[in-house]
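# Geometric and topological summary
Below, each chain spelled out in residue letters.
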Amino acid sequence: KIEGLVSRAPSGEGKAAAREITFFSVNGRPVDLPKFQRCLGDVWREFTADGKRPAIVADLKIPNSKIDVNLAPDKREVYVSGEKEILQKFAEGVRD
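Every residue gets a number counted from 1 within its own chain, in the order that chain's sequence is written. This being a predicted model, a pLDDT of at least 70 is required before a residue's local features are given, and a value of 80 or more before pairs of side-chain atoms are given or counted; all residues contribute to the totals for chains, interfaces and linings. Think of the side-chain values as coming from all heavy atoms in the structure, minus any hydrogens and water.

## Describing the pairing of strand β4 (residues 56–60)
Each regular strand carries side chains that alternate between the two faces of the sheet. The buried label applies to any residue whose accessible area, calculated with a 1.4 Å probe on protein chains only, is under 20% of its type's maximum; exposed applies above 50%, and partly exposed to all values in between. Helix and strand labels come from DSSP, where a helix needs a run of H or I of at least four residues and a strand needs a run of E of at least two; each type is numbered from the N terminus. Counting buried residues along β4, four of its five residues qualify, which places the element largely inside the surrounding structure. When DSSP finds at least two bridges between two strands, those strands are taken to pair. Two elements, strand β2 (residues 22–26) and β4, share five bridges in a ladder whose sense is parallel. What sits directly across from Thr22, in β4, is Ile56.

Here's what the structure looks like:
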């Protein structure tokens, strides 16, 4: 399950500051998810070519048995079992 908010795409001149506003968490724990960040960029490019992107805040609800947070001391890096399927669902959810 994925819960979160996506802003409207900014309007006006120039690139939007929102392009860099992304916040991901897994089960409420703030994490870095570079593959999800790239997936998000790919989805945005389907809708706009001008580089203006909405901000996003997403909390992925993943069973604890499918994640490993013990990759780095700060626990921001996580390994997600079944990541490909979760990425597909994430992209579908953002498109909707």
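## Concerning the sheet that holds β4
Taking strand neighbours across the sheet as the criterion, the four strands line up as β1-β4-β2-β3 in an open arrangement whose pairing is mixed. At either margin of the open sheet sits one strand with a lone partner, and together these are β1 (2–6) and β3 (29–31). Adjacent strand axes in the sheet meet at a mean angle of 20 degrees, parallel and antiparallel pairs treated alike. Across three bridges, the pairing between β2 and β3 is antiparallel. Bridge pairing links Phe24 to Val31 in β3. With respect to the sheet, helix α1 (residues 34–47) is in contact with β1, β2 and β4, its orientation differing from that of β2 by roughly 130 degrees. Contact criterion: two residues are considered in contact whenever any of their non-hydrogen atoms come within 4.5 Å of each other. Every angle, taken between N-to-C directions, lies between 0 and 180 degrees, and every axis is a line fitted to C-alpha atoms, over only the stretch in contact when it is a helix. On the sheet, helix α2 (residues 83–95) packs against β1, β2 and β4 and is oriented at approximately 140 degrees with respect to β4.

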